[in-house]
Amino acid sequence: MEKVILDNKTIFVTGAAGFIGSNLVKRLFKDTTGTTIVGIDNMNDYYDVRLKDFRLNELQTLNAQSATVKFHFIKGDIADKATIDGIFEQYKPAVVVNLAAQAGVRYSITNPDAYIQSNLIGFYNILEACRHNPVEHLVYASSSSVYGSNKKVPYSTDDKVDNPVSLYAATKKSNELMAHAYSKLYNIPSTGLRFFTVYGPAGRPDMAYFGFTNKLREGKTIEIFNFGNCKRDFTYVDDIVEGVVRIMQGAPEKKQGEDGLPLPPYAVYNIGNNSPENLLTFVDILQQELIRAQVLPADYDFEAHKKLVPMQPGDVPVTYADTSALERDFGYKPSTTLRDGLRAFAEWYKEFYK
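Source: prediction; values computed, not measured.

Chemist: Would you take a moment to explain the overall build of the protein for this structure?
Modeler: In terms of regular secondary structure, the protein is built from 11 helices and 17 strands. Here the protein has a C-alpha radius of gyration of 20 Å; the compact-globule value for 354 residues is 20 Å, and the two agree. For the protein, the spread of C-alpha atoms along the principal axes amounts to about 65 × 50 × 40 Å. Taking all 354 residues of the protein together, 55% fall into the buried category. If you take every contact in the protein between residues at least 6 apart in sequence, the share linking residues at least 24 apart comes to 84%.

Chemist: Explanation requested: helix α8 (residues 237–248) in the structure shown.
Modeler: An α-helix turns once per 3.6 residues; consequently, residues spaced three or four apart project the same way. Over its 12 residues, α8 extends 16 Å from the first C-alpha to the last, a length consistent with the 16 Å expected when each residue adds 1.5 Å. Counting buried positions over the 12 residues of α8 gives 10, a clear majority of the element.

Chemist: It is not clear to me how the side chain of S22 should be interpreted in this structure. Could you clarify?
Modeler: By the element assignment, S22 lies in helix α1 (residues 19–31). Of the polar contacts made by the side chain of S22, one reaches the backbone oxygen of G18; its length is 2.7 Å. In this structure the side chain of S22 is engaged in a polar contact, spanning 3.3 Å, whose partner is the backbone oxygen of F19.

Chemist: Looking at this model, I keep getting lost on the environment of P334. Mind explaining?
Modeler: Along the chain, P334 falls in the loop between α10 (324–330) and α11 (338–352). Taking C-alpha positions, P334 is 7.5 Å from I271, a pair spaced 63 residues apart along the chain. With residues near it in sequence (within four places) discarded, P334 still touches T235, D239, I271, G272, N273 and L326.

Chemist: Looking at this structure, how should I read the side chain of N133?
Modeler: Mapping N133 onto the fold places it in the loop between α5 (112–131) and β6 (137–143). Within the structure, the side chain of N133 is placed 2.7 Å from the backbone oxygen of A129, a separation counted as a polar contact. N133 has contacts with F88 and K92, leaving out every residue within four places of it along the chain.

Chemist: Help me out: how do you make sense of the nonpolar core in this one?
Modeler: Buried together is how nonpolar side chains tend to be arranged in soluble globular proteins. Grouped together as the largest cluster of nonpolar side chains are 75 residues, with contacts concentrated most on V13, L24, F195, Y209, M248 and F282. Examining the composition of this core, we find that seven residues originate from one element, α8, more than from any other. Those residues in contact with F195 that sit more than four places away from it in its chain are I20, L99, A141, S142, S143, S144, I240, V244 and I271. Grouped together as the second largest cluster of nonpolar side chains are 22 residues, V38, I84, L127 and Y140 included.

Chemist: It is not clear to me how the pairing of β6 should be interpreted in this structure. Could you clarify?
Modeler: Looking down a regular strand, the side chains alternate between one sheet face and the other. With respect to burial, β6 is a largely interior element, seven of its seven residues being buried. Alignment of strand β5 (residues 95–98) against β6, held across four bridges, turns out to be parallel. In the sheet register, V95 faces β6, and the bridge partner there is H137. Relative to strand β7 (residues 190–195), β6 runs parallel, the two sharing six bridges. The residue bridging S143 from the neighbouring strand is F195, located in β7. Each parallel crossover has a hand, and the one from β6 via helix α6 (residues 167–186) to β7 is right-handed.

Chemist: What should I look at first to understand α5 in this one?
Modeler: Between its terminal C-alpha atoms α5 stretches 28 Å, which fits the 28 Å expected from 20 residues at 1.5 Å a residue. Check the buried side of α5 and you find it contacts β2 (10–14), α3 (81–91), β5, α4 (105–110), β6 and α6.

Chemist: Teacher, can you tell me more about the packing of α1 against helix α2 (residues 49–65) here?
Modeler: Between two packed helices, what matters for the description is the angle formed by their axes and the separation of those axes. In the contact formed by α1 and α2, the axes pass within 10 Å of each other and the chain directions differ by 15°. With respect to α2, the element α1 is oriented roughly parallel. Crossing of α1 over α2 shows left-handed handedness. Mapping the contact onto sequence places F19, S22, V25, K26 and F29 in α1 and R55, E58, L59, L62 and N63 in α2. In the contact of α1 with α2, the residues fall into five nonpolar, two polar and three charged.

Chemist: What is the right way to look at the packing of aromatic side chains in this model?
Modeler: Both the distance between ring centres and the angle between the ring planes are used here to describe each pair of aromatic rings. In total, this model carries 34 aromatic pairs according to the counting rule given. Plain terms: the ring middles of Y199 and Y236 are 5.6 Å apart, the flat faces sit at 65° to each other, and that makes the pair edge-to-face. Taken as a pair, Y199 in strand β8 (residues 198–199) and Y236 in strand β11 (residues 235–236) lie far apart in primary sequence, 37 residues in all. We note that Y199, like Y236, is buried.

Chemist: Help me understand the sheet that holds β6 in this model?
Modeler: Hydrogen bonds along the backbone pair up the strands of a sheet, which may run parallel or antiparallel. Strand order in this open sheet of seven strands is β4-β3-β2-β5-β6-β7-β15, and the pairing throughout is parallel. Pairing within the sheet leaves two strands with one partner each, and these edge strands are β4 (70–75) and β15 (266–271). Ignoring strand direction, the axes of neighbouring strands in this sheet form an average angle of 15°. In the packing of α6 onto the sheet, contacts are made with β6, β7 and β15, and the angle to β6 comes to roughly 155°.

Thresholds applied
Residues numbered from 1 in each chain as written. Predicted model: local features only at pLDDT ≥ 70, side-chain atom pairs only at ≥ 80, totals over all residues. Heavy atoms only, no water. Helix = DSSP H or I, 4+ residues; strand = E, 2+ residues; numbered from the N terminus. Rg over C-alpha atoms; globule rule 2.2 N^0.38 Å. Buried < 20%, exposed > 50% of the residue type's maximum accessible area, 1.4 Å probe, protein only. Contact = heavy atoms within 4.5 Å. Expected span 1.5 Å × (residues − 1). Polar contact = N/O pair within 3.5 Å; in protein donor to acceptor, adjacent residues only side chain to side chain. Core = buried A, V, L, I, M, F, W, Y, C linked by side-chain atoms within 4.5 Å. Pairing = 2+ DSSP bridges. Right-handed = clockwise from strand over helix to strand, strands pointing away. Axes fitted to C-alpha atoms, helices over the stretch in contact; angles between N-to-C directions. Parallel < 35°, antiparallel > 145°, perpendicular 65-115°, else oblique. Left-handed = near helix turned anticlockwise from the far one by under 90°. Nonpolar A, V, L, I, M, F, W, Y, C, P; charged D, E, K, R; others polar. Phe/Tyr/Trp six-rings, centres within 6.5 Å; stacked < 30°, edge-to-face > 60°.

The following block contains the structure:
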């Protein structure tokens, strides 16, 4: 593994107003010096843009306060090749973290176009720009959804992942394949990160914990899929960011193969909590924390507001991360408990929607 120093470098973060992207930029403000962070986001309205504005405002505040780290934000789309080429030409990033993507399994069933644009064309533009510029490390978001309906758990990065059950999953698997080809052909050190159900304050409203909270607050009924027999490896956003920052600093090593061509400097890791929680347990903890944070009244009748329903198309019954490779190579394993994470979310929600 090659050590990558982040201080005094230019780091390009795509999806910088997104959930993981904004938290990563916040962390880089805290942990690096002399760094130039370039962020791009198209600020689309897939979910409430006020959340993206809120995250971006936090970053602009940090930017105004910081003496050593500079943040440049560009409102633009990674699917626009001229925009991406222009950014690489102007800023010459040493490290690229591609977190911009059209997310969500269910949305990919009704709006496939968005996924092809952002996740395939957008990622191709990033790869091409890395090919023509000296990038020390490309880190990009993949997803636990690439495991499809694999029966073997926990999911290991050594498992075959050739049976996606949604277009979203297929685009993420494609990203890994494209990155592998570019690593092999052009010796670009790249690391893919399979994120497992990321949650936390100022997260995505299309995720269950956020959507359930909105519905319960409005007195609507929440639907729990697969009659509550789903398990998810919920991973708190700070744990995800910790993993990303560590991995950014350790690029796969460049080596020559016997054919005289590069052995691809390529890696893929799971970042998950390594402890799946049953959806009904998760809903139970969520409701306790929403009452504790006074988002909901103490006498709220949960039983009257929840309904067990069958499985949704594109969904899987379980996600469970084998994180042994992450522990082996980076000495790191996510550890925030679901209660601590949901408590932080409930307290943030109370403030944001007060």
